[in-house]
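# Notes for the structure review
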Amino acid sequence: MGFWERVLKAVTGGKGVADPMIYWVYVRCEKCGEPLKARVDLRNELSAEFGERREDTVYTTRKVIIGSGRCHAPVEVRLTFDWRRNLLRREISGGAFLTEAEYQAEIGRQNSSGESL
Ligand SMILES: [Zn+2]
């Protein structure tokens, strides 16, 4: 754990507060339908492609997400952020993007095992 993570954990009690430098990506495996999520650390996991001006710089990252359960097919995600770390583009192979709400709904459906909401 890095220094700032320890500080943040001490301040927040290790929960709650969304970290603006953490981007969560939610996907569904196209093979087995398992909902998956991955954490992208915008401080450490991006590669910069510098433009002529600061505003032209983009950051890219590639994530391979592998399900824990039914299959081990990789879902590959490529994300491009602008210089302010706003998402510009996203591509996926081996799966489909979910929103956080869709992801939570999928998880809920799996955990409820037949119970109605
Ligand atoms: Zn799968």
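Residues numbered from 1 in each chain as written. Predicted model: local features only at pLDDT ≥ 70, side-chain atom pairs only at ≥ 80, totals over all residues.

Along its length, the protein chain carries 2 helices and 7 strands. The order of α-helices and β-strands along the protein chain, N terminus first, is α-β-β-β-β-β-β-β-α. Here the protein chain holds 117 residues, and the buried ones make up 14% of them. (Helix = DSSP H or I, 4+ residues; strand = E, 2+ residues; numbered from the N terminus. Buried ≥ 20, exposed ≤ 12 C-beta atoms within 10 Å, placed from the backbone.)

By size, the foremost hydrophobic cluster in this structure holds 11 residues: Val25, Tyr26, Val27, Cys29, Leu36, Val40, Ile65, Val75, Val77, Leu79 and Phe81. Residue assignment for this core shows that the elements contributing at least two residues are β1 (22-29), β2 (35-41) and β5 (74-81). (Core = buried A, V, L, I, M, F, W, Y, C linked by C-beta atoms within 7 Å.)

This part is about the environment of Trp83. Mapped onto the secondary structure, Trp83 falls in the loop between β5 and β6 (87-93). Between the alpha carbons of Trp83 and Glu49 there is a distance of 9.6 Å; along the sequence they are 34 residues apart. If sequence neighbours within four positions are ignored, Trp83 has contacts with Arg54, Glu55 and Thr57. (Contact = placed C-beta atoms within 7 Å.)

Looking at the protein chain as a whole, the pLDDT averages 88, with 85% of positions reaching at least 70. Element-level mean pLDDT values for the protein chain span from 68 in helix α1 (residues 3-12) up to 98 in strand β7 (residues 95-98). (pLDDT = per-residue confidence, 0-100.)

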